[in-house]
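# Chain and residue survey
Here is how the chains run, residue by residue.
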Amino acid sequence: MNRIASLLIVFATVGPLSAQDDNSNPDTLRDDVLEWIDELDADAAAIRQAAERSLIEAGAETLSWLPEPDDPRLSPEAADRIRRIVEVLRKQQAAREVADIRIDLGDVSNLGEALEAISRDSGVEFECNSDRTQPVDPVATPLTFWHAIDLVLDQAELDINFYGGDRETLMLTPRDEDRPDRVGAAVYAGIYRIEPTSVTARRILRQPNLSGLNVSMEIAWEPRITPIGLTIPVDQIAVTLDSGQRLQSQASSETIDVATASDIAFSEFYLPLELPAAKASKIQRIGGVIQALLPGRRKRFTVPLVGTPDAVSIDAMTVKRLDVRPNGPLHEVRLSITIENADRALESHRQWLMDNEIFLVAPDDTRVDHLGFQVFRQTTEELGIGYLFDVGDDPTGYRLKYLSPTAVIRNEVPFVLQDIPLP
């Protein structure tokens, strides 16, 4: 056993597996991990490459046993391979966290049971004043989140008021009399639900080039995941009418940007199209792609205002206390938040970090909310934020609590809308 394997014994004894996808013995997996890491320094290149592949194929469960890539006891080549392995495994872990979930409605018989089943499988709660004993048909096959909700709401003649809920709760309301069934009106793409809401045509007589056709859309996402930087590339939008004509987009930029917020699980946007030249009764097909960065599971960071540790790392994110300084009658807590391989998450799209929950816990365990914040530094991988707190004269004993997704992953899903009536 060489120095790498000896080093890994220390890491292998710290904490159990984060998850187990099968019934494998954790001790056996640990032994395999130690052997593979030992082989990262083997004489033969083929053995080194095979060991790297084996660690990746073993999955994210091995992350808790891998050493830090910058540990001086690692050889340069082993450190480089560890960095690559960690990057791949973190992306795999984040991809599983943002994958669209499946809802099992196989045993439900009424509205109450159906909503409980959706809450059980998704973590989303419902505010509903309707009769929960209304009959709902079971479904043998597991459904995506939005398909399951739409199927249940159609049977109960309910709709969603997104403005009445929050990040974890959807408010259900009675459906408008002329509202079409939700299942037939929408399409499902990954974690998204897209529904066209209106089509308007305009003909400008004095400036014909300003004439056009606007298709308004509503896009919703699973409340547990708020997309970062949600966009639709214009060059991938394809629109065909039932007359055979293909319409071109009139968007003034390369992407259609869709605003997102963490406290509401939907947004609205429109596709600006050229005015049809020939007689047509409907849009036969709209195809496109939704691109976004999706945040992984939210996790809790705890950093004392005085003393050690001054930094906590979870997955790809590190929260570090830079300074605690008096600011008038308050104290300013300066934090550095870094994300490895941020992939635009800290460039133009950083509001998701501002929306993260942050507060102090006083020595008597009472909660202290911040009174404002200011960004003082921003790079491609780091964001510096100063938060104001009222902690009296002495911040000793106060602990900072920060809840945030610890990884982001690039996500792209296609969508197709069909048979949209024209005005």
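Since this is a predicted model, take the numbers as computed values, not measurements.

Parameters at a glance
Residues numbered from 1 in each chain as written. Predicted model: local features only at pLDDT ≥ 70, side-chain atom pairs only at ≥ 80, totals over all residues. Heavy atoms only, no water. Helix = DSSP H or I, 4+ residues; strand = E, 2+ residues; numbered from the N terminus. Contact = heavy atoms within 4.5 Å. Areas by Shrake-Rupley, 256 points an atom, 1.4 Å probe, with all protein chains shown as cover. Lys, Arg positive; Asp, Glu negative; His and termini not counted. Charge placed at Lys NZ, Arg CZ, Asp CG, Glu CD. Buried < 20%, exposed > 50% of the residue type's maximum accessible area, 1.4 Å probe, protein only. Pairing = 2+ DSSP bridges. Expected span 1.5 Å × (residues − 1). Arc of directions from axis to C-beta. Polar contact = N/O pair within 3.5 Å; in protein donor to acceptor, adjacent residues only side chain to side chain. Core = buried A, V, L, I, M, F, W, Y, C linked by side-chain atoms within 4.5 Å. 1 Å grid on protein atoms, 1.4 Å probe; cavity = no way out; pocket = protein on both sides within 12 Å on 5 of 7 lines; lining within 4 Å. Points joined across faces, edges and corners; volume = space filled by probe spheres on them. Nonpolar A, V, L, I, M, F, W, Y, C, P; charged D, E, K, R; others polar.

### What to know about the overall build of the chain
For the chain, the helix and strand inventory stands at eight helices and 24 strands. Along the longest, intermediate and shortest principal axes, the C-alpha atoms of the chain span 75 × 65 × 55 Å. Expressed as a percentage of contacts within the chain between residues at least 6 apart in sequence, the contacts between residues at least 24 apart total 67%. Summed over all atoms, the accessible surface of the chain reaches about 21,000 Å², with 47% contributed by carbon and sulfur. Positive and negative charge centroids in the chain, built from 42 and 69 side chains respectively, lie 5 Å apart.

### What to know about unusual backbone geometry
Cis peptide bonds are those with omega within 30 degrees of zero, and the linkage from Thr 308 to Pro 309 qualifies with 0°. Counting through the fold element by element, Pro 309 comes out in the loop between strand S15 (298-304) and strand S16 (311-314).

### Structural notes on the pairing of strand S23 (residues 399-405)
Counting buried positions along S23 gives six out of seven residues, so the element sits mostly inside the fold. The pairing of S15 with S23 spans seven bridges and is classified as antiparallel. In the sheet register, Thr 302 faces S23, and the bridge partner there is Lys 401. In terms of strand pairing, strand S19 (residues 357-361) meets S23 through five bridges, oriented antiparallel. Note on S23: the bridge partner recorded for Phe 359 is Lys 401.

### Side note on helix H3 (residues 45-57)
The end-to-end C-alpha distance of H3 is 18 Å, a good match for the 18 Å that 13 residues give at a rise of 1.5 Å each. By the burial criterion, the buried members of H3 are Arg 48, Ala 51, Glu 52, Ser 54 and Leu 55. Take H3 and look down its axis: the buried residues cluster within an arc of 160°, on one side only. Away from the buried face of H3 by more than 90 degrees, exposed residues Ala 46 and Glu 57 are located.

### Digging into the side chain of Asn 110
Relative to the assigned elements, Asn 110 resides in the loop between strand S1 (102-103) and helix H5 (111-122). From its side chain, Asn 110 meets the backbone nitrogen of Gly 112 in a polar contact 3.2 Å long. Once you skip the residues sitting within four places of it in the chain, Asn 110 turns out to touch Arg 132, Thr 133, Gln 134, Pro 135 and Val 136.

### Describing the nonpolar core
Ranked by internal contacts, the top residues of the largest apolar core, which has 70 residues, are Leu 105, Tyr 192 and Ile 286. Broken down by element, this core gets its largest block of residues, seven residues, from helix H6 (residues 145-156). If sequence neighbours within four positions are ignored, Leu 105 has contacts with Ala 114, Ala 117, Ile 118, Pro 138, Val 139, Leu 143, Ala 148 and Val 152. Counting 30 residues, the second-largest nonpolar core is a separate cluster that includes Leu 305, Trp 352, Tyr 387 and Leu 400.

### Let's talk about the layout of surface pockets
Computed from the structure, the second largest pocket encloses a volume of approximately 400 Å³. Forming the walls of the second largest pocket are 18 residues, and the residues nearest its centre are Pro 180, Ala 185, Glu 195, Pro 196 and Thr 197. Within the lining of the second largest pocket, the residues separate by chemical class into nine nonpolar, four polar and five charged.

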